[in-house]
Structure formats: C-alpha cells, structure tokens
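# Analysis of the macromolecular model
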Amino acid sequence: MIIMLDENYRIAGNEHCWQLEKRKVVKGRTEWRPFKYCTTMDNALREAAQREIRTHPAEKLSDAIEACIQITQKYSRFFDEVGGSE
C-alpha cells in the first residue's frame, strides 16, 4: 500500500514496516527514498504530521497555530480514509 501525502512525500508499506519516503530525482529518474520506519500505519501518519508541523515556515504564533490546525485536519482525513489504525 502506498499513501501519497503530497507530491514529495508518501508512506509505503511492505511486509516488515511502514516507511516514510521522500521523492528524489536522480539522473532524470524519480526515486523514493525512505527516511523513517514505523511498525504501524498509525505511527507512520503521526510521524508524517509531526514532520510537517516541525518544518513549517511559520514565524508568528498566529501563523503557527493556523498551520497546526490545517496540518492536523489534513492528517485527520488520512486517518479517516485508512481506518485510523491497523
């Protein structure tokens, strides 16, 4: 199973774990490179949301709060679509 988070990040499952992956273009080819491994889909979605919140460019408190709300809503929809957890 692959869950596209946006054009550069996704969660991919295999027989051992869930991987957070980042898209990388190498010599004109797109490759997906894992950077985080999780034992459950629930953990993978939470890790992805936390990464997006941590790396958001907000500088003002009001922008940070709004970013947290938007990101939380985005990932809540992912949880709803995949059934919350395994």
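Structural notes, computed from the coordinates.

Parameters at a glance
- Just so you know, the residues in each chain are numbered from 1, in the order the chain's sequence is written.
- Where local features are concerned, this predicted model is filtered to residues with pLDDT of at least 70; where side-chain atom pairs are given and counted, the filter is 80 or more; whole-chain, interface and lining totals use all residues.
- Side-chain numbers here rest on the full set of heavy atoms in the structure, without hydrogens or water.
- In this text, buried Ala, Val, Leu, Ile, Met, Phe, Trp, Tyr and Cys residues form a nonpolar core when linked through side-chain atoms within 4.5 Å.
- The buried label applies to any residue whose accessible area, calculated with a 1.4 Å probe on protein chains only, is under 20% of its type's maximum; exposed applies above 50%, and partly exposed to all values in between.
- Helix and strand definitions follow DSSP, with helices as H or I runs of at least four residues and strands as E runs of at least two, each counted in order from the N terminus.
- Note on contacts: a residue pair qualifies if any of its non-hydrogen atoms lie within 4.5 Å across the two residues.
- Salt bridges are defined by distance alone: a side-chain nitrogen of Lys or Arg within 4 Å of a carboxyl oxygen of Asp or Glu.
- At least two bridges found by DSSP between two strands is the condition for calling them paired.
- What a helix is expected to span follows from its residue count: subtract one and scale by 1.5 Å.

Moving on to the nonpolar core. Among the nonpolar cores identified, the biggest contains 16 residues, and Leu5, Ile11, Leu45 and Tyr75 are the most heavily contacted of them. Elements with a contribution of two residues or more to this core: strand E2 (9-13), strand E3 (18-26), helix H1 (41-54) and helix H2 (61-82). Ranked by residue count, the leading element in this core is H1, at 5 residues. Not counting residues up to four positions away in its chain, the partners in contact with leucine 5 are Arg10, Ile11, Leu45, Ala48, Lys74, Tyr75 and Phe78.

The final tally for this structure, using the stated rule, is 6 salt bridges. Here glutamate 21 ties to arginine 10 by a salt bridge, and the two come within 2.6 Å at their closest N and O atoms. With glutamate 21 in strand E3 and arginine 10 in strand E2, this pair connects stretches of sequence that are 11 residues apart. The exposure classification of glutamate 21 matches that of arginine 10, with both residues buried. Of the charged contacts in the structure, one is a salt bridge between lysine 36 and glutamate 47, with a shortest N-O distance of 3.8 Å. A residue pair is termed long-range when its members are at least 10 positions apart, and lysine 36 in strand E4 (residues 29-38) and glutamate 47 in helix H1 qualify at 11 residues. Given a relative accessible area of 30%, glutamate 47 falls into the partly exposed group.

Bringing the pairing of E2 into the picture now. Along any regular strand, the residues point their side chains to alternate faces of the sheet. Burial analysis of E2 places 4 of its 5 residues in the buried class, the great majority of the element. The antiparallel hairpin formed by strand E1 (residues 2-4) and E2 contains 4 residues in its connecting segment. Note: E2 against E3, 5 bridges, orientation antiparallel. Counterpart to arginine 10 in the pairing with E3 is glutamate 21. With antiparallel pairing between neighbouring strands as the criterion, E2 and E3 make up a hairpin whose turn holds 4 residues.

Turning our attention to H1. For H1, with 14 residues, the first-to-last C-alpha span of 20 Å sits near the 20 Å given by 1.5 Å per residue. When we look at burial in H1, the residues that qualify are Met41, Asp42, Ala44, Leu45, Ala48, Ala49, Arg51 and Glu52.

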